[in-house]
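Commentary on secondary and tertiary structure
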Amino acid sequence: ADGVTLEQLAEQLTEAMELEIRSQPGFRAASVHIARDDSYVLNYAQWDNTESVEAVVAKLQAGEMPELAEAFSMSSPEFHPYDVESVTVAEE
């Protein structure tokens, strides 16, 4: 949104994750990223299943997640669900 910095949006998303999302059934983890070219904020969230995400969307639409709603009002969110195909971790 006009006048909103990517840092402000990232801060609002982080607050929403900590205050509203982290306690939701099926939630596993989330990380908030700011693109180095200052073009996007990415909220990468991991969930157990689609039903858990749909339950949060229903709560958001019912007005039960004001912090997340505030973050969405500061941006133009796009949703792109993925299935994990593989994970690679650093050698010890």
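Before reading further, recall that the structure is shown in the block above.
The sections below set out a description of the structure shown in this document. Because the structure is predicted, anything quoted here is derived from the model rather than measured.

**Overview of the side chain of Glu20**
- For Glu20, the position within the fold is in helix H1 (residues 6–21).
- Look at Glu20: it is buried, it has no salt bridge, and the nearest opposite charge is Lys59 at 10 Å.
- There is a polar contact of 2.8 Å between the side chain of Glu20 and the backbone nitrogen of Glu67.
- In this structure the side chain of Glu20 is engaged in a polar contact, spanning 3.0 Å, whose partner is the backbone nitrogen of Leu68.
- Setting aside residues no more than four positions away along its own chain, Glu20 makes contact with Glu15, Met65, Pro66, Glu67 and Leu68.

**What to know about the packing of aromatic side chains**
- Per the counting criterion, the structure on display carries two aromatic pairs.
- On the numbers, 5.2 Å between centres and 70° between planes, the contact of Phe27 with Trp47 is edge-to-face. Of this pair, Phe27 sits in strand S1 (residues 27–34) while Trp47 sits in strand S2 (residues 41–47); the two residues are 20 residues apart in sequence, bridging distant segments of the chain.
- Owing to a relative accessible area of 12%, Phe27 belongs among the buried residues under this scheme.
- Residue classification places Trp47 among the partly exposed residues on the basis of a relative accessible area of 23%.

Scoring rules and cut-offs
In every chain, residue numbers begin from 1 and rise along the written sequence. Owing to the predicted nature of the model, reporting of local features is limited to residues with pLDDT of at least 70; listing and counting of side-chain atom pairs is limited to 80 or more, with chain, interface and lining totals taken over all residues. Note that water and hydrogens are dropped before the side-chain values are worked out from all heavy atoms of the structure. Starting at the N terminus, helices and strands are each numbered in turn, a helix being any DSSP run of H or I of at least four residues and a strand any DSSP run of E of at least two. Three exposure classes are used, based on accessible area relative to the maximum for each residue type with a 1.4 Å probe and protein chains only: buried under 20%, partly exposed in between, and exposed over 50%. Charge convention: Lys and Arg are scored as positive, Asp and Glu as negative, and His as well as the terminal groups of each chain are ignored. Counted as salt bridges are all cases of a side-chain nitrogen of Lys or Arg within 4 Å of a carboxyl oxygen of Asp or Glu. Throughout this description, a polar contact denotes any pair of N or O atoms lying within 3.5 Å of each other; where both atoms belong to protein, one of them has to be capable of donating a hydrogen while the other can accept it, and for residues adjacent in sequence the pair is counted only when both atoms sit in side chains. Here, residues are in contact when the closest pair of their heavy atoms is within 4.5 Å. Each pair of aromatic rings taken from Phe, Tyr and Trp, with Trp reduced to its six-membered ring, is defined by centres within 6.5 Å and is described as stacked if the planes are under 30 degrees apart, edge-to-face if over 60, and tilted in the remaining cases.

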